[in-house]
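# Secondary and tertiary structure notes
Read off the chains here:
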Amino acid sequence: MEEKKDVLILAIESSCDETAAAVVKNGREVLSNVISSQIALHTLYGGVVPEIASRKHIEKINYVIQEALDQAHVTLEDLDAIGVTYGPGLVGALLVGVAEAKAIAYAAKLPLVGVHHIEGHISANYIENKELEPPFICLVVSGGHTHLVVVKDYGKYEIIGRTRDDAAGEAFDKVARAIGLGYPGGPKVDKLSKSGNPDAFDFPIAHIADAPFDFSYSGVKSAVLNQLNTAKMNGVEINSADVAASFQKAIIGSTVPKAIALCKEKNINKLAIAGGVASNSALREALQSACDKEGIQFCSPSPVMCTDNAAMIGAAAYYKYLNNEFSGLDLNAIPNLSL
């Protein structure tokens, strides 16, 4: 019997403001993971400027890919496929990665695998939790998405809960801006919260009557902004750390119980977390302790794997590759692609 050949995939991710490339072996072993972040640039504007993001991707992408190949000690001849994020995300940013991936696939005569960005985030869990296999529940919390997903099998997903308004990351960014922390909001609120009192303010936790697994974060965001505005109008000094900690407590209080409840309803005792907000330390701790209490296995990627990166795209692309789910050279960027 011939020995099974290792599958090497070059993955490209450019959906927002990170230009990233990685070489991933057999879906779970990362040989290189290069990320060129534009955070410093977009901080000047208080958020991501799509046009600037696209231009930066064009400037950086060739260097990032070459660096990923060099660090992995491989050439294009060693690869089995090219994986790339084709949505959702900023259309101009996505197009840079998609065009690059198509060009390399065509020139190197390699199959092209288009990957859904959220599927990438979910697949980040396979990299650091080698024993994790579907089925499991995944809580996806990022700047643009908050989903509760049943991962039925590799590449097979059922979204049970989603946000009705703002995504969790969006609420973090807006509150951070209101407190005066600037961009990006999530990590800054997380850090400031550590020195605040989470019981200083009683911010609301949304429950949606007809959809117990759906989320809503606009109410808590508005409540925080109202609290800050009222204090300002009355000339009252307000403790930013207390606001941050109380806001974070409300977000966690409206998120964690739903994830646990879905595990119990579906009788699945594995819960994973994914997306940028998944690196929030208080959220991770709350999920870990809730899972411990309920006897649920909790998996989480390390913080660097929660942010946008190409290794997670390579992991997702591997399972598509095994299923012969290839894309044609007519692959296009789809900014509002659904899972």
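Preceding this section is the structure that the text describes.
Remember, it's a predicted structure, so these values are computed and weren't measured experimentally.

## Some words on helix H11 (residues 311-322)
If you check H11, its first and last C-alpha atoms are 17 Å apart, about what 12 residues at 1.5 Å a residue would give, namely 16 Å. Most of H11 is tucked away, with 11 of its 12 residues classed as buried. What H11 keeps buried is the set Ala-311, Met-312, Ile-313, Gly-314, Ala-315, Ala-316, Ala-317, Tyr-318, Tyr-319, Lys-320 and Tyr-321. Once H11 finishes, Asn-324 follows within two positions and takes phi at roughly 55 degrees, a positive value.

## Quick word on the sheet that holds strand S10 (residues 297-299)
The mixed open sheet is built from five strands, whose spatial order is S8-S7-S6-S9-S10. Each end of this open sheet is capped by a strand with a single partner; those strands are strand S8 (156-162) and S10. Averaged over neighbouring strand pairs, the angle between their axes works out to 25 degrees when direction is ignored. Direction of pairing for strand S6 (residues 136-141) relative to strand S7 (residues 146-153): antiparallel, over a ladder of six bridges. Considered in S7, the bridge of Cys-138 is made with Val-149.

## Thoughts on helix H3 (residues 91-108)
Three or four residues apart is the spacing at which side chains of an α-helix point the same way, because the helix has 3.6 residues per turn. Taking 1.5 Å as the rise per residue, H3 with 18 residues should run 26 Å; its terminal C-alpha atoms sit 26 Å apart, in good agreement. By the burial criterion, the buried members of H3 are Ala-93, Leu-94, Val-96, Gly-97, Val-98, Glu-100, Ala-101, Ile-104 and Ala-105. Where the residues of H3 are buried, they touch strand S1 (8-13), helix H2 (50-72), strand S4 (81-87) and strand S5 (112-116). Downstream of H3 by a residue or two, Lys-109 has a phi angle that is positive, lying close to 55 degrees.

## Quick notes on empty space enclosed by the protein
Tallied over the full model, the rule gives one cavity of 30 Å³ or more. In this structure, the largest cavity occupies an estimated 30 Å³ of space. In terms of residues, the lining of the largest cavity owes the most to one element, H11, which gives three residues. Across the lining of the largest cavity, the residue classes break down as three nonpolar, two polar and three charged.

Analysis parameters
Residues numbered from 1 in each chain as written. Predicted model: local features only at pLDDT ≥ 70, side-chain atom pairs only at ≥ 80, totals over all residues. Heavy atoms only, no water. Helix = DSSP H or I, 4+ residues; strand = E, 2+ residues; numbered from the N terminus. Expected span 1.5 Å × (residues − 1). Buried < 20%, exposed > 50% of the residue type's maximum accessible area, 1.4 Å probe, protein only. Pairing = 2+ DSSP bridges. Axes fitted to C-alpha atoms, helices over the stretch in contact; angles between N-to-C directions. Contact = heavy atoms within 4.5 Å. 1 Å grid on protein atoms, 1.4 Å probe; cavity = no way out; pocket = protein on both sides within 12 Å on 5 of 7 lines; lining within 4 Å. Points joined across faces, edges and corners; volume = space filled by probe spheres on them. Nonpolar A, V, L, I, M, F, W, Y, C, P; charged D, E, K, R; others polar.

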